[in-house]
Amino acid sequence: MRTLTHLQRLEAESIDIMREAVSECEKPVMLYSIGKDSSVMLHLAIKAFFPSKPPFPLLHVDTTWKFREMYEFRDARVRQLGLELIVHVNPEAVQRGINPFPHGSAVHTDIWKTEGLKQALDKHGFDLAFGGARRDEEKSRAKERIFSFRSAQHRWDPKMQRPELWRLYNARKNKGESIRVFPLSNWTELDVWEYIYFERIPIVPLYFAKKRPVVKRDGALIMVDDERMPLHADEAPALTSVRFRTLGCYPLTGAIESEADNLSGIIKEMLLATTSERQGRVIDHDSTGSMEKKKQEGYF
Amino acid sequence: MSRVDDLSAGDLEEYLRSHADKTLLRFLTCGSVDDGKSTLIGRLLYESKLLYDDQLRALEADSKRLGAADGELDFALLLDGLAAEREQGITIDVAYRFFSTDKRKFIVADTPGHEQYTRNMVTGASTADVAVILIDARKGVLIQTRRHSYLIALLGIRRVVLAINKLDLVGYSRPVFDRIEEEYRAFAGSIGLTDIVCLPLSAKKGDNVTTPSANTPWHRGPTLMEYLETVEIDSDAGNGPLRMPVQWVNRPNLDFRGFSGRVVGGSVRVGDRVRVLPSGKESTVARIVTQEGDLDRAVSGQSITLTLHHEIDISRGDLFAAADSPASVADQFEATLVWMSEDEMLPGRPYLLKIGAKTVGVTIAPPKYKVNVNSLEHLAAKTLHLNEIGVCNLNLDQVIAFDPYEQNRDTGGFILIDRFSNETIGAGLLHFALRRSQNIHWQAIEVNKQAHATLMGHKPCMVWFTGLSGAGKSTIANLVEKRLHAMGRHTYLLDGDNVRHGLNKDLGFTEADRVENIRRVAEVASLMVDAGLIVLVSFISPFRAERRMARTLVPQGEFCEVFVDTPLGVAEQRDTKGLYKKARRGELQNFTGIDSPYEPPEQPEVQIDTTACAPEDAAETIVAHLRATGVLDPL
């Protein structure tokens, strides 16, 4: 009897999770954040329901501060696959002009992403949302269920999680409550890259090294992606060969210096890396346990 | 990963190819509180060079902040991810960790040791291929060791590593090691665990974790890592007959009708004869569809889509099985249950049971016995509380396909769900179908409900009065019956107090007995509805779950819930039977409204506010409702 390889086992599990989720809810949606994990999740969704199309739309909770290349990639990909994409922009954040510079990363993330996500789910009445989070990303994620229950206020209670046994997922809920489902829970960063490599999954070019205008700020290399970024007197963008390990809002996403301009190059760099991937993200460093707090408040 | 450093770009493809062929082992670690589980996992990550610089720096900071005594790294802090866990210094919930070596990828479930987290340990064990049980060499085999071993054996994990840890603290003594090994093997054999490897370890110092230790020259076996890298993985029931639950019917257009699911036993080839359960219809496999192209064969663990040669009726929850070796079909079982809810199990209460892709209604009989997980004694029990394990009979509201759990975890394991909170309240392992389930059939009766109703000249109905003691239920129900009787309708009034003098005189007032009380009354009322009567049921019936159960016993439109809504203060003031006074003096236990809850109906058909409405008017309202819904002829 043949034993499946680890990628085959992970793929089969993710597909199993997605099929179970859509069967147990009324109105599912897939959160699409344009990054590599979203790309893998979308690829798996297409496999899971083939020859049908995935029976749900994609939802991008936009902050208006993503890299320009991310928007281009998103629109091209959705067109190519013929899927429905819903883009939600928090009108309150637009009105108040929330941005990372005067308001800081905490307020920016809370209002654009956390509040924006809740608004979008409520507005469309989605009762189940797929997210691309992985347990290896962060300590509180490591404790979260694959099917993660949210109250009508979108809150997560880490002490009241439903036991999750075997492959039996409990997606039942009352009206107003919802479920977040993480099909990539058991994938690691390396699994994701290997899978992208072997399955030839398209990803945003920002993952590959290229000369880009960056400034060094608080120890991070920040790309000056458009004119909205206010520069300090002593800052001058320098063209540097950089790439990104994770993608988010450009002012909050640190680049790393790299010459790796193809997949095998970045996988090799990753194998040799000495810092974990979320290190480039400003939001996790606010305080110890900050992700757990954000998640309780409704962050994905 | 250690050999990545000298990779040239050209070797990467090859490196990744070899990496991609790695298998995946899932294991869990368990042991009692201070045996060093988290330390061991931290050590495995550290030794596999899988801790990144920033994680190490954060760990150093956390270790100092939370006062690790000797300034050493406290690996446990890496794993205890929840704020409450870090504060209390214990593991509450299962944490999953990931690492890989050149040979394998690993998923570790780090499970809590305390008895009050048994449910979390069972959760971690349900997906594991191998269990690593830690023992503190200074303490030897403890009660916790026995409990964890029992749970591991129960959940069907056959391969066990006994990690005899902290051996540095007993001077790497071989006699200590040998004594513990001997004692453990004797115990493990008694619960059916035989595939055991014992290792002398110090997770803190690193002995025999990844490299053989010079401190234990007498140890001939593998290191922990060697064992984990080479142990055989057989969790996917790959050698049994085909089993595949249908998760999703795939219908992109009128020309394609596929059945999507994951193979959870055996394998399937194009042309294989398959049986669909529980219907028993058969067909042959036409195609095994995946996005990369059709397959000739799919094996256990794969997610696929099947098409068949014949159009047969198949829906979500059905099970594909090999035609020559099908699963059994039944609706009554004996099962072992692990109770996971703060609320005790209530025999007779309707719960939901999910097995494979199927969810059905279930009631549970009082336990045959519960198991003392520390001594493994069988004890008498009326119910199961949080973290208790017992053996019970189950009664499902429809038949399901199943295999005994020991033959297949996926077709024999189930979870129990509360119908109202939707919480997962328990897990269970099916043992066998009860013979009576196969021998008691519905007798087809020729004079049926319709015939009874025709002779009566009116529609039957169950009118269910609920409310606090002294709310006025019986008064109003009496008035309604008198009016119906005067109209020439055939009625019967079932009253709580009266039924407790006869049919239910063996029942008390505990939550479990109240549930059984209502179950019996609802069944009797349903028989009377079948006989064509208008049945008036007047019971406090404090719980939504049982009222809902009563509602489901009759067709829609034949159930009318009447909420006799009297505030507690008013009912207590009336106190026609003097019961409230007794309850307040502590002479009556479990009195509804005082020390036992009343759950008001959410959407009753009729709600009577007795503070604003005389009993006669209330009766009139109810009669009017029965007219409006067609039970009685219009005026």
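Residues numbered from 1 in each chain as written. Chains lettered and ligands numbered in written order. Predicted model: local features only at pLDDT ≥ 70, side-chain atom pairs only at ≥ 80, totals over all residues.

### Re the overall build of chain A
And then number 1: A count of helical and extended segments in chain A gives eight helices and 10 strands.
And then number 2: Sorting the 300 residues of chain A into buried and exposed places 54% on the buried side.
And then number 3: Residue pairs at least 24 apart in sequence account for 77% of intrachain contacts in chain A once pairs closer than 6 positions are excluded. (Helix = DSSP H or I, 4+ residues; strand = E, 2+ residues; numbered from the N terminus. Buried ≥ 20, exposed ≤ 12 C-beta atoms within 10 Å, placed from the backbone. Contact = placed C-beta atoms within 7 Å.)

### Looking at the domain arrangement of chain A
Residue and element names in this part refer to chain A.
And then number 1: Looking at chain A, the domain boundaries give domain 1 (6–191) and domain 2 (206–285).
And then number 2: One C-alpha centre belongs to domain 1, the other to domain 2, and the line joining them spans 24 Å.
And then number 3: Tallying the contact residues gives 18 residues for domain 1 and 17 residues for domain 2.
And then number 4: Those elements giving two or more residues to the side of domain 1 that touches domain 2 turn out to be helix H3 (68–81), helix H5 (100–124) and helix H6 (189–199).
And then number 5: Tallying contributions element by element places H5 first for the side of domain 1 that touches domain 2, with four residues.
And then number 6: Looking at side-chain class alone, the side of domain 1 that touches domain 2 contains seven nonpolar, four polar and seven charged residues. (Domains from an automatic or database assignment. Nonpolar A, V, L, I, M, F, W, Y, C, P; charged D, E, K, R; others polar.)

### Here's the deal with helix H13 (residues 473–486) of chain B
All names here are of chain B.
And then number 1: In this model, H13 (14 residues) spans 20 Å end to end at C-alpha, consistent with the 20 Å of a helix rising 1.5 Å per residue.
And then number 2: Those residues of H13 that are buried are in contact with strand E24 (461–466), strand E25 (491–495), strand E26 (534–538), strand E27 (559–565), strand E28 (606–609) and helix H19 (615–628).
And then number 3: Among the residues trailing H13, Gly488 stands out with phi positive, at a value near 85°. (Expected span 1.5 Å × (residues − 1).)

### Overview of the interface of chain A and chain B
Often the size quoted for an interface is simply the accessible area lost on bringing the parts together.
And then number 1: If you look at the interface, chain A gives 58 residues, while chain B gives 63 residues.
And then number 2: Going through the elements one at a time, helix H1 (6–24), helix H2 (36–49), H6 and helix H7 (263–272) of chain A are the ones with two or more residues in the side of chain A that touches chain B.
And then number 3: If one sorts the elements of the side of chain A that touches chain B by residue count, H1(A) sits on top with 10 residues.
And then number 4: A breakdown of the residues in the side of chain A that touches chain B according to their chemical character gives 22 nonpolar, 17 polar and 19 charged.

### Some remarks on the pairing of strand E23 (residues 424–433) of chain B
And then number 1: Counting buried positions over the 10 residues of E23(B) gives seven, a clear majority of the element.
And then number 2: With antiparallel pairing between neighbouring strands as the criterion, strand E22 (residues 413–417) of chain B and E23(B) make up a hairpin whose turn holds six residues, including B:Asn422 at a positive phi of roughly 65°. (Pairing = 2+ DSSP bridges.)

### With respect to the sheet that holds strand E4 (residues 130–136) of chain B
Residues and elements named next belong to chain B.
And then number 1: Taken in spatial order, the six strands make up an open sheet running E2-E3-E1-E4-E5-E6, and their pairing is mixed. Pairing within the sheet leaves two strands with one partner each, and these edge strands are strand E2 (95–100) and strand E6 (195–200). Averaged over all pairs of adjacent strands, the angle between strand axes in this sheet comes to 25°, irrespective of strand direction.
And then number 2: With six bridges joining them, E2 and strand E3 (residues 104–110) adopt antiparallel strand pairing. By the bridge assignment, Arg97 is partnered in E3 with Val108. (Axes fitted to C-alpha atoms, helices over the stretch in contact; angles between N-to-C directions.)

### Things to note about the sheet that holds strand E7 (residues 243–245) of chain B
All names here are of chain B.
And then number 1: The antiparallel open sheet is built from seven strands, whose spatial order is E7-E15-E11-E12-E14-E9-E8. Every interior strand has two partners, whereas the edge strands, E7 and strand E8 (248–253), have only one. Across the sheet, the mean angle from the axis of one strand to that of its neighbour is 40°, orientation sign disregarded.
And then number 2: Pairing geometry for strand E9 (residues 256–262) and strand E14 (residues 303–308), over four bridges, is antiparallel. From the neighbouring strand, Arg262 faces E14, where its bridge partner is Ser303.

### Quick word on the nonpolar core
A general tendency of soluble globular proteins is for nonpolar side chains to be buried together.
And then number 1: Core analysis: the biggest nonpolar cluster contains 223 residues, and B:Ala131, B:Ala163, B:Ile164, B:Val463 and B:Val537 have the highest contact counts within it.
And then number 2: Looking at this core element by element, the count peaks at eight residues for H1(A).
And then number 3: Ignoring anything within four residues of it in the chain, the contact list for B:Ala163 reads B:Leu40, B:Val132, B:Ile133, B:Leu134, B:Ile135, B:Leu199, B:Leu201 and B:Leu224. (Core = buried A, V, L, I, M, F, W, Y, C linked by C-beta atoms within 7 Å.)

### Considering the environment of B:Leu16
And then number 1: Looking at the element boundaries, B:Leu16 is found in helix H1 (residues 9–20).
And then number 2: With residues near it in sequence (within four places) discarded, B:Leu16 still touches A:Glu194, A:Tyr197 and A:Ile267.

### Quick word on the environment of B:Gln603
And then number 1: Note on placement: B:Gln603 falls in the loop between helix H18 (579–584) and E28.
And then number 2: Placed 40 residues apart in sequence, B:Gln603 and B:Phe563 show a C-alpha to C-alpha distance of 9.2 Å.

### Some remarks on the confidence of the model for chain A
If pLDDT is low for a region, its predicted coordinates should not be looked at in detail.
And then number 1: The predicted model of chain A has a mean per-residue pLDDT of 85, with 89% of residues at 70 or higher.
And then number 2: In the predicted structure, residues 280–288 of chain A sits below a pLDDT of 50 and forms 18 contacts with residues beyond four places in sequence or in another chain. (pLDDT = per-residue confidence, 0-100.)

### Focus: the pairing of strand E3 (residues 85–89) of chain A
Residue and element names in this part refer to chain A.
And then number 1: As judged from the five bridges shared by strand E2 (residues 58–62) and E3, these two strands associate in the parallel manner. The partner of Leu59 across the bridge, within E3, is Ile86.
And then number 2: Between the parallel elements E2 and E3, the chain passes through H3 in a crossover that is right-handed. (Right-handed = clockwise from strand over helix to strand, strands pointing away.)

### Concerning the packing of H1(A) against H2(A)
Residue and element names in this part refer to chain A.
And then number 1: Packing of H1 against H2 leaves a shortest axis separation of 9 Å and a crossing angle of 70°. When the interaxial angle is binned, H1 and H2 end up roughly perpendicular. Residue-level contacts link Glu11, Ser14, Ile15, Met18 and Arg19 of H1 to Leu44, Ala45, Lys47 and Ala48 of H2.
And then number 2: Among the residues forming the contact of H1 with H2, the class breakdown is five nonpolar, one polar and three charged. (Parallel < 35°, antiparallel > 145°, perpendicular 65-115°, else oblique.)

### A closer look at the environment of A:Asp122
Residues and elements named next belong to chain A.
And then number 1: Mapped onto the secondary structure, Asp122 falls in helix H5.
And then number 2: The partly exposed category is assigned to Asp122, around which 13 C-beta atoms lie within 10 Å.
And then number 3: For the pair formed by Asp122 and Gln153, sequence separation is 31 residues and the distance between their alpha carbons is 9.9 Å.

### A look at the confidence of the model for chain B
All names here are of chain B.
And then number 1: Chain-level pLDDT for chain B is 86 on average; 89% of the residues reach the 70-or-more range.
And then number 2: Scored below 50 in pLDDT, residues 1–6 shows seven contacts in the model against residues more than four places distant or in partner chains.
And then number 3: If you check the scores for this complex, the pTM reads 0.79 and the ipTM reads 0.87.

### Some details on H19(B)
Residues and elements named next belong to chain B.
And then number 1: For H19, spanning 14 residues, the distance from its first C-alpha to its last is 20 Å, which sits close to the expected 20 Å at 1.5 Å a residue.
And then number 2: Those residues of H19 not exposed but buried are Ala618, Ala619, Ile622 and Leu626. For H19, the angular spread of the buried residues around the axis is 100°, confining them to a single face. Of the exposed residues in H19, the ones pointing more than 90 degrees away from its buried face are Glu616 and Ala628.
And then number 3: At its buried positions, H19 is contacted by E24, H13, E27 and E28.
And then number 4: Positive backbone phi, at 85°, marks Gly630, one or two positions downstream of H19. (Arc of directions from axis to C-beta.)

### Notes on the packing of helix H6 (residues 118–125) of chain B against helix H7 (residues 143–154) of chain B
Residues and elements named next belong to chain B.
And then number 1: It is the contact of H6 with H7, at a shortest axis distance of 10 Å, that shows an interaxial angle of 45°. By the criterion of interaxial angle, the relationship of H6 to H7 is oblique. Crossing handedness for the pair H6 and H7: right-handed. Where H6 abuts H7, its residues Thr118, Met121, Val122 and Ala125 lie against His148, Leu151 and Ile152.
And then number 2: Partitioned by chemical class, the residues of the contact of H6 with H7 number five nonpolar, two polar and no charged. (Left-handed = near helix turned anticlockwise from the far one by under 90°.)

### A word on unusual backbone geometry
And then number 1: A:Phe50 connects to A:Pro51 through a cis peptide bond whose omega is 5°.
And then number 2: Within the element layout of this structure, A:Pro51 appears in the loop between H2 and E2.
And then number 3: A cis geometry characterises the amide bond from B:Leu277 onward to B:Pro278, with omega recorded as 10°.
And then number 4: Phi is positive for B:Asn208, which is not a glycine, with a value near 60°.
And then number 5: One can find B:Asn208 in the loop between E6 and helix H9 (224–230).
And then number 6: For B:Asn590, which is not glycine, the phi torsion reads 55° and is therefore positive.
And then number 7: Inspection of the secondary structure assignment puts B:Asn590 in the loop between H18 and E28.

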